[in-house]
Structure formats: structure tokens, C-alpha cells
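# Analysis of the macromolecular model
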Amino acid sequence: MLKVLLIDDDVPMLKYVAQLADWEELGLRVVGRTYSSAKALQLFRELLPDLVITDIGLPQINGLELAAEFTRLKPEVRLIFLTCHEDFHYVKKALTLDADDYLIKDELTKEQLEDALRKSAARISEQGVRTEQLAYKEDVSRNADLLKESLIGQLLQGADPDAVRSYAKRLGIPWEYAAFLPAAVRPLYAPVISRYGAAGLAPIRYGLYNMASEIAARYEGISVFRQEDSLLLVLNYRPTLAFNEREYLQRYWHELQASGRHYLHVELTGVYGPVRLPLASLGDGIRGLQQTGLRFFYRKPGLELLGVPAAARGTGDGEEGPPCAPVQLLEAQWQQLQAAVREGGADEAEAALSAFGEAALLQRIEPGELIRSCSAKLRLLELQVPGEVPEAAFYQALEAARYLEDLLGVLGAGIRRLLGTRRSREELLHREPKLQAIDDFVLRRLSENISSVDMAAHLYMNPSYFSRYFKRLTGENFTDYVNGLKMKIASKRLGAGEETVEQVALALGYSDRTYFSKVFKKYVGVTPREFRRS
């Protein structure tokens, strides 16, 4: 039932209108009636009616002014005006308020009133449908990524193709044609980390998704989906002799690549295929892209086509297949790189990293082993160079590299950071001799839980001032600094293999092994047991 509010300062007329129409047959219910404009405002706020029938010539606040306030409070409210006036001025004003009708009291009949009520009820119904449609579109827009993620989930689970197609259509994705071509695109990590740092990975991925979606709007049939670390592209097309789906996708790829370089300063890599998949097999095609892994590790990053032999592509990089040389063959190159970071400068480190990469390419080291080794050894190298441990996102990027070129780029960014930290530390020690005194104090009391108050007392400083001084000096609070220093020592002791984890923990002032393991993983990236196994 639609709610109706009646307003008229002529009480007999108010009763007449209330009794004139068959309200329930019209799907209407009079929820309130009043002769006072002030009371009308109160009732409107309380009842929020769907339709208001009001006299125009009311004392204090006239009907037109009331209607304007009602519209402000509830924009979708419908209005019917009653009046004794036949002045066109009132009709014109009523029209500006989008009134449904303007009825003359002296001429009002049951038929006139019910015709006006039916017209208002129809407009309310139409308005409700439009509102629901708008709300649905807003919900789809607001939750587009989640809904699109659900669509891909249905594909991967092998849902009925007709149900998938219907769901896609509701999201504004018209998969009308018989053939599909999936592709996965991701940014190379090294350019992002070198320019923006590891913290820039998430916003760059988001920016790339928006850019890819904008470009796809100009390419009929291409839909873009966000994945954890990549973009999924799906081309839906009609297979004909005149249409080359590979060239079409590559044209889109080149535009996206050019925009990524120009606006985001990133480089892209991707893989696509197989071609001409039916909707029922699209999930398997997407799964194949996700399982590409390190298949193209020793190639130049670009857009790769699944299922085409290397010789057919003319890459000159040799046949596909996992290289099998053990990572231990690179131990000499890694030792040179470590020495350059500990004792040399940027030129020495760059030369050592280049030699490391050339050896890995020449000997075709197994990619998975190479990535794991680079991650573990860089963490060890960090323990030898004082400074903060980088964000977890840095190592996630290092371990997610899918090309040798990208792995070396991320590794190089980490090494340059260590070199900068080492130089900053040396300059800091020269300017701030107190820092060396702090290190000496902590090292002499490794088995104790030293607080910033203890340290301040040793330096004859106010504790609050010391905390601010230390934060300005090192960029971290004293407790984190002490834990980091102790974890460097813990890694050396565990690496020597002469003490158990419990003995090392107790020697460094950690009576609870679980807490020690938690702190160790925070600073080293792995648990003490995993560290010892590596």
C-alpha cells in the first residue's frame, strides 16, 4: 500500500476528500490528515508518505511552500494540489514542483480524484523501478571488482557456460561470441622498486588496472580483471577469416605497454593463449596462464604465446624446458658480490652483479633454486650491514620474479639500498659518536632486556629526550633497534651450528623460544629452524 497524506484548512473538505475515493482498491492508504501546515510538516517527517494531496491556500505556510519542503525532505514524493483558485499562476508554479495534477475543489468528482490518484500511483511505480535499476547499477559499480572476481571463480570451477554468460551480462560484460582468448599481464618488479620502492607496487598495480580498463573501452570484446599480482585480459570474438585475434590482442598490448611506460614508468610482461577457446574451456585456459610459472625465465620479457615452440618465435634463446644446473655453481660469483657490498662501492657491486647474472644465464641455473638462493643470501647480507630490514613487499617481489632480468633488477635495488645504508651508517658514526657507545652498551649486555630508560641513564640523558634523539638519529625506536641488532648476532650463532636455538635465545635474553622465533622471523624473514636448514 502506498501512503497518502491529506492537507486542507477546510475541515469539511478534508473529510469529503478522505471519503470520496476507494483508496484500498487503488492500492493506497490515508495515513494522516491535517488542517495545519505546521502539523503537516511534522506528520510528513514522521510518516514520509508516498503521495501528498494538499490545498494551496493554507495559512502561515501555503501549499506550494509546503510542497517545496516535502520535495526537499523526500525528492521522490508525488504531489496533487487542491485549490479554489483557477489562476494560471498557481498552475504554473505547481508544474515547477513536478505535481501530478491540479484539481479545482468546486468541480472535484470521484472520477477526477481517482484518475489523478491512478496517475500518481503509476508514476510512483515507475519511479520505484528506475530507483531499483539505478541502485543495482550503483551496487554493481561499487562492487565491480568483487563481482568480476566471482565471475572468474565460476569459470575456474567449471560452472555452466550459460549461467556464466548470464552472470557476465549482468556485470555489463557481453560475452556474445563463440571464441575466447585469455591473457595475463603484469608489471616487471625491478623498474617499480627502483623508482617507487616496494611500497609502490600496490598503487602501481591499481593504476595499471585503471589504465588497462580505459584502453579496453576502445577495444570491442576485451574485458579486464584484477588478480593478485597481475591483470587478466579476456578477448571475446567472432572467429572469421577477416579477424586475426592475435594481432588484435597484440595491438591492445602495445598501446597498454606504451601508456604504462609514459604515465607510470613501468615495463610490462605477459602471456596469452590458447586461441579460439569455447566458453566451457575458458577456465582451463586461465588456469594454464596461472601455471606458467618460470617457463620463460631466461627469455627477454615480453608478450609470450603459450604452446608455440621457442624456435618458431625466433627468439634465439634456445629451446624451452627447465634448466637444471645447480645454484651452487654460482657460489664464487656470490662471494664477489658480498665482498663488493661489504667493502667496495657502487661500481664494484654493479660489476659483481653483472658477472653473477651472466654466469646464471650461461649455466642455466634452475630458476626456482636461483630465486630462493638470492632471497636467502640477500637476507644474510643484510644481517652483516647495519640498518633496517626492508618491507616484506620487497622480498615478495624478489621471490615473485619470473624473468632473470627482473630478478637481477630487484636484487640490484636491494644491493644499492644496502650500499646506501652502509655509507649512511659510516657517516652517522662519524657525526654521532654516541651511537657507537649505544652499540657497545647493548653488546656488553646481550643477555639482558635493555630498555630505553636503561640506555638513557647510561648516557646521562633524560629518557624522553633520549627516545626522541634516538628516533631522529636512526629512524626507528630503541626497542626495534636492539631486537634487530640481536637478530643479526643470532643469525651468526645459528649459522655456526654450535648452539641450539634455545641456547641462542637464552644467550640473547629471550627466555621464551616462541617469542624469540617470532622476533627472528620478523627481522630475518624465516624461522630459526628454517634459517638453519637453509
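Residues numbered from 1 in each chain as written. Predicted model: local features only at pLDDT ≥ 70, side-chain atom pairs only at ≥ 80, totals over all residues. Heavy atoms only, no water.

### A short note on the sheet that holds strand β8 (residues 231–237)
Within the open sheet, the 5 strands sit side by side as β7-β8-β6-β9-β10. Their pairing is mixed. Of all the strands in the sheet, the pair left with one neighbour each is β7 (222–226) and β10 (303–305). Between one strand axis and the next, the sheet turns by 20° as a mean value, whatever way the strands run. Here 5 bridges tie β7 to β8, and the two strands are oriented antiparallel to one another. (Pairing = 2+ DSSP bridges. Helix = DSSP H or I, 4+ residues; strand = E, 2+ residues; numbered from the N terminus. Axes fitted to C-alpha atoms, helices over the stretch in contact; angles between N-to-C directions.)

### A short note on the environment of Ser452
Inspection of the secondary structure assignment puts Ser452 in helix α19 (residues 452–458). Excluding residues within four positions of it along the chain, Ser452 makes contact with Phe466, Ser467 and Phe478. (Contact = heavy atoms within 4.5 Å.)

### Observations concerning the sheet that holds strand β2 (residues 28–34)
By definition, the strands of a sheet pair up through backbone hydrogen bonds, in either a parallel or an antiparallel sense. A sheet is described by the order of its strands in space; here 5 strands give the open sequence β2-β1-β3-β4-β5, paired in parallel fashion. Pairing within the sheet leaves two strands with one partner each, and these edge strands are β2 and β5 (101–104). Averaged over all neighbouring strand pairs, the angle between strand axes comes to 20°, with direction disregarded. Across 4 bridges, strand β1 (residues 2–7) lies against strand β3 (residues 51–55) in parallel orientation.

### Overview of empty space enclosed by the protein
Any empty space left between atoms is shown by rolling a water-sized probe over those atoms. On inspection of all chains with the given rule, the structure shows 2 cavities of 30 Å³ or more. There is about 50 Å³ of room inside the largest cavity. Together, Leu155, Gly158, Ala159, Pro161, Val164, Leu279, Ala280, Leu282 and Gly283 line the largest cavity. When residues of the lining of the largest cavity are traced back to their parent elements, those giving at least two are α7 (161–170) and α11 (279–290). (1 Å grid on protein atoms, 1.4 Å probe; cavity = no way out; pocket = protein on both sides within 12 Å on 5 of 7 lines; lining within 4 Å. Points joined across faces, edges and corners; volume = space filled by probe spheres on them.)

### Things to note about the nonpolar core
In this structure, Tyr252, Leu256, Leu370, Leu411 and Ile415 are the most contacted members of the largest nonpolar core, which totals 70 residues. With 9 residues, the single largest contributor to this core is helix α17 (residues 404–431). Three or more residues apiece are contributed to this core by two domains, here domain 2 (158–307) and domain 3 (327–429). When neighbours within four sequence positions are excluded, Leu411 is seen to be in contact with Trp334, Leu353, Phe356, Cys374, Leu378 and Leu398. Of all hydrophobic cores here, the second largest spans 24 residues; its members include Ile152, Leu155, Trp175 and Phe180. (Core = buried A, V, L, I, M, F, W, Y, C linked by side-chain atoms within 4.5 Å. Buried < 20%, exposed > 50% of the residue type's maximum accessible area, 1.4 Å probe, protein only. Domains from an automatic or database assignment.)

Any link to function would need more than the numbers given here.
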